[in-house]
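# Structure assessment
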Amino acid sequence: MKKALLVFIIAMLNLATSFSQTYPVVAGVEFGSTYENCKRVLDKRFNNGKESFQSTPNQIQYFNIEFGGEHFDYCTFYFQNDVNRTFLYYIEFVSSFALDEIQYAKNKRDRIYNAYLEKYPFRWRIKDEDGFLSYVLGHDPLKEDDGFVVIEASKGKTKAGDMKYWTKVLYGPVDFVKPTDEI
């Protein structure tokens, strides 16, 4: 009887620990948090405490922001949803540069990379078809073998079709909702 009780207590402690897992926090919001909770915190952080209007469902976006000691043109927080709630699963911070500012884009990428190495372990680097390096840091909290942060400089078009250089910091995705869950 005592052994069964001990096994039960250990099982309950393990279950409680698995439910209380913490996820990475970026800009004051924790991955897996709901849209509503994130919006409240992010409006304080990036919108001077005023409630922002968000035009796209499952996304929160701010323009012309400071983050981690750097200026970004915009940041977007993306949410997955299931039947019951939303989950913060992906974040991007983006800066654009004119075509004659390639070195600025690379320098910004390298400054950010060096700062992030103090918090996240280096995992690997990738070179794209244009020869730009991207750095992958950290560990996905749900899949240890995957990276968590990507810091990149790249070349690409704007929505209007103009060519620019970009420096981006990407967090995630951390998939809380899997497409096959609904099958």
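Residues numbered from 1 in each chain as written. Predicted model: local features only at pLDDT ≥ 70, side-chain atom pairs only at ≥ 80, totals over all residues. Heavy atoms only, no water.

## Describing the pattern of salt bridges
Under the counting rule described, the total for this entry stands at five salt bridges. Between Lys39 and Asp43 there is a salt bridge; the shortest N-O distance is 2.8 Å. One end of the pair is Lys39 and the other is Asp43, both in helix 2 (residues 35-46) and four residues apart, which spans about a single turn. In this structure, Asp110 engages Arg109 in a salt bridge whose closest nitrogen and oxygen atoms are separated by 2.9 Å. Overall, Asp110 belongs to the partly exposed group, its relative accessible area being 27%. Salt bridges sharing partners connect three or more residues here, namely Lys39, Asp43 and Glu51. (Salt bridge = Lys/Arg side-chain N within 4 Å of Asp/Glu carboxyl O. Helix = DSSP H or I, 4+ residues; strand = E, 2+ residues; numbered from the N terminus. Buried < 20%, exposed > 50% of the residue type's maximum accessible area, 1.4 Å probe, protein only.)

## Points about the confidence of the model for the protein chain
Across the protein chain, the average pLDDT comes to 89, with 89% of residues at or above 70. Here residues 4-19 is a poorly scored stretch, pLDDT under 50, and it has zero contacts once near neighbours within four places are set aside; other chains count. (pLDDT = per-residue confidence, 0-100. Contact = heavy atoms within 4.5 Å.)

## With respect to the side chain of Ser95
With respect to the helices, strands and loops of the structure, Ser95 is situated in strand 5 (residues 86-97). Ser95 sits in the buried class, given a relative accessible area of 2%. Looking at Ser95, its side chain comes within polar contact range of the main-chain oxygen of His71, at 3.1 Å. Residues within four places of Ser95 in sequence aside, it is in contact with His71, Phe72, Asp73, Lys108, Tyr165, Trp166 and Thr167. (Polar contact = N/O pair within 3.5 Å; in protein donor to acceptor, adjacent residues only side chain to side chain.)

## Observations concerning the layout of surface pockets
In this model, the largest pocket occupies a volume close to 400 Å³. If you trace the largest pocket, you find 19 residues lining it, with Gln61, Tyr74, Thr76, Glu92 and Lys159 closest to the centre. Among the secondary structure elements, those contributing two or more residues to the lining of the largest pocket are strand 3 (59-67), strand 4 (70-81), strand 8 (149-157) and strand 9 (163-171). Taken together, the residues of the lining of the largest pocket sort by class into six nonpolar, nine polar and four charged. (1 Å grid on protein atoms, 1.4 Å probe; cavity = no way out; pocket = protein on both sides within 12 Å on 5 of 7 lines; lining within 4 Å. Points joined across faces, edges and corners; volume = space filled by probe spheres on them. Nonpolar A, V, L, I, M, F, W, Y, C, P; charged D, E, K, R; others polar.)

## A short note on the packing of aromatic side chains
Under the definition given, this model contains 21 aromatic pairs. Ring centres of Tyr89 and Tyr90 lie 6.4 Å apart, and the angle between their planes is 40°; this geometry places the pair in the tilted category. According to the relative accessible area criterion, Tyr90 is buried, its value standing at 19%. Aromatic side chains Tyr113 and Phe122 sit 6.4 Å apart centroid to centroid with 80° between the ring planes, which places their arrangement in the edge-to-face category. Classification of Tyr113 by relative accessible area gives buried; the value is 14%. Phe122 gets classed as partly exposed once you look at its relative accessible area, which sits at 39%. Grouped by ring-pair contacts, the aromatic residues Phe31, Phe46, Tyr62, Phe67, Phe72, Phe77, Phe93, Tyr116, Tyr120, Phe148 and Tyr171 constitute a single cluster. Cation over ring: Lys108 sits above Phe72, and NZ or CZ is 4.7 Å from the ring centre. Directly above the aromatic system of Trp166 lies the positively charged group of Lys168, at a separation of 5.9 Å from the ring centroid. (Phe/Tyr/Trp six-rings, centres within 6.5 Å; stacked < 30°, edge-to-face > 60°. Lys NZ or Arg CZ within 6 Å of the ring centre and 35° of its normal.)

## Notes on the side chain of Asp43
When its relative accessible area of 5% is taken as the criterion, Asp43 is described as buried. When neighbours within four sequence positions are excluded, Asp43 is seen to be in contact with Asn48, Gly49, Lys50, Glu51, Ser52 and Tyr62.

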